[in-house]
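Residues per chain, in single letters:
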2 protein chains.
Amino acid sequence: MRPKSVVKEEAIRQEALRIIAEEGLENLSMQRLAKAAGISPRTIYIKYENKEDLLVKLFIDVVLGAYETAVLKDFSEDMTLDAGVTAIWRNTFHYFRKNRERFVLMQYGRSSPLLNKAYQERDIGMGAFFAPIHRFLQRHVRAGLLPRYPHEVLRALLFAPLFDLVQEYFEYRDRPRQIITEKLVLDAAAAVIRGLKKPGK
Amino acid sequence: MRPKSVVKEEAIRQEALRIIAEEGLENLSMQRLAKAAGISPRTIYIKYENKEDLLVKLFIDVVLGAYETAVLKDFSEDMTLDAGVTAIWRNTFHYFRKNRERFVLMQYGRSSPLLNKAYQERDIGMGAFFAPIHRFLQRHVRAGLLPRYPHEVLRALLFAPLFDLVQEYFEYRDRPRQIITEKLVLDAAAAVIRGLKKPGK
DNA sequence: ATTTTAAGTAAATAATCGTTTACTTACTTT
DNA sequence: AAAGTAAGTAAACGATTATTTACTTAAAAT
């Protein structure tokens, strides 16, 4: 039996990410993707059930999966609130700064009904990814440092401004001078930490 | 000369918003829209140049325009930081809570290349909408209450968690018990305000 | 009341969509 | 070396896309 070509598999994923980042998810068609990857449309269907299967796997495996491991690098549940949040922010900024294509698909996950389903089930909802961060936050809640908000609220306060800043980083990408720098991102992290803490702590 | 029917015009916009909210922007076609609005496809092209023109006008006029006026209701540049930010948060939450369809299209504006162009040009970039809020923030910067971050950073800290909470509000819409309540949103507003302020103020 | 004119309709346009059919190629197993 | 088999290709499938052509309708202007 002839083995599946990992080279072609990789070309499919790479070209799919590129087309989505450069021309939008709405302009990704199977025939365009096949042509860009230098293969026949049928080949895509050997590796993926259909278009939805391809997009969900791209989103879950390549974008979310890789982000999960990147964000938890050097992160530990036992860190102080300041150290932990700073690590999450720094890791996220570093990861997406060098992976714009993945960030673009990540943002589609918020609006596209197809990807949003996968997004909620796997990721941030309460999956293995968020679990360490969840326990980290709950520890500081029990210690009296953080207020007892539902974790959806803590998550919004913690992650939403971060993703917005990454988006800003890329929007001003071709301007004369970059506005969003690492220093600024870490300053914003400090502001978020101040806001999260119970008043007077 | 026969006058344009405002009824049909309104039906087009309403059905477009409904289809986008219920089935996603990617499932809105001109023929489906025409059928849903009870008209001929050609009629849409009497009122709009093409699909892009329709979507941009829907986004700018109906979603962004109406949000701009809603968020600035009862808001004044002269307010204290706490009062101003609280007003912005409360107004935003109230507006989108009763306008889910508009919120869905708003979120598409973050990822869809087509809408994102309009988004940046008109809105939050530095348009007439954000100007009063920008001056409000700058006044508190000059007073020494807020740090001198670029306004992109202040905007991210101020708005991003708010939109995330509205998203959460709708995601748990059909659960037994609503998680995101107005009280919780205003608690989160207070947290954001604490974070924004210079340390020690 | 008739003319004028743009609004509106039904149906068709070419292009493109996701997916499949019919066939060939290349690699593993015997 | 030959047989077997799934990977891969080229071309086509019907369905659907945005938009237009040819025609009808309704209302304002004469």
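Remember, predicted model here, so these are calculated numbers, not experimental data. (Residues numbered from 1 in each chain as written. Chains lettered and ligands numbered in written order. Predicted model: local features only at pLDDT ≥ 70, side-chain atom pairs only at ≥ 80, totals over all residues. Heavy atoms only, no water.)

Thoughts on unusual backbone geometry
At A:Asp74, a residue that is not glycine, the phi angle is positive and equals roughly 65°. Mapped onto the fold, A:Asp74 is located in the loop between α4 (51-71) and α5 (81-97). (Helix = DSSP H or I, 4+ residues; strand = E, 2+ residues; numbered from the N terminus.)

Points about the protein's contact with DNA strand C
Around DNA strand C, a shell composed of 25 residues is seen, among which A:Met30, A:Gln31, A:Tyr45, A:Lys51 and B:Thr43 lie nearest. At the protein interface, 61% of the atoms of DNA strand C within 4 Å belong to sugar or phosphate. Between DNA strand C and the protein, one listed contact pairs a phosphate oxygen with a side-chain N or O atom of A:Tyr45 at 2.7 Å. Separating a base nitrogen of DNA strand C from a side-chain N or O atom of B:Arg2 is a distance of 3.1 Å. Sorting the residues of the surface near DNA strand C by element identifies α2 (30-37) and α3 (41-47) of chain A together with α3 (41-47) of chain B as the ones contributing at least two each. Residue composition of the surface near DNA strand C, by class: 10 nonpolar, 7 polar and 8 charged. (Near = heavy atom within 4 Å. Polar contact = N/O pair within 3.5 Å; in protein donor to acceptor, adjacent residues only side chain to side chain. Nonpolar A, V, L, I, M, F, W, Y, C, P; charged D, E, K, R; others polar.)

Some thoughts on the protein's contact with DNA strand D
Close to DNA strand D lie 24 residues; A:Thr43, B:Met30, B:Gln31, B:Tyr45 and B:Lys51 are nearest. Counting only the atoms of DNA strand D that lie within 4 Å of the protein, the sugar and phosphate share comes to 59%. One of the backbone nitrogen or oxygen atoms of A:Ser40 is found 3.1 Å away from a phosphate oxygen of DNA strand D. Interatomic distance of 2.8 Å between a side-chain N/O atom of B:Tyr45 and a phosphate oxygen of DNA strand D. Of all the secondary-structure elements, those providing two or more residues to the surface near DNA strand D are α3 of chain A together with α2 (30-37) and α3 of chain B. Partitioned by chemical class, the residues of the surface near DNA strand D number 9 nonpolar, 7 polar and 8 charged.

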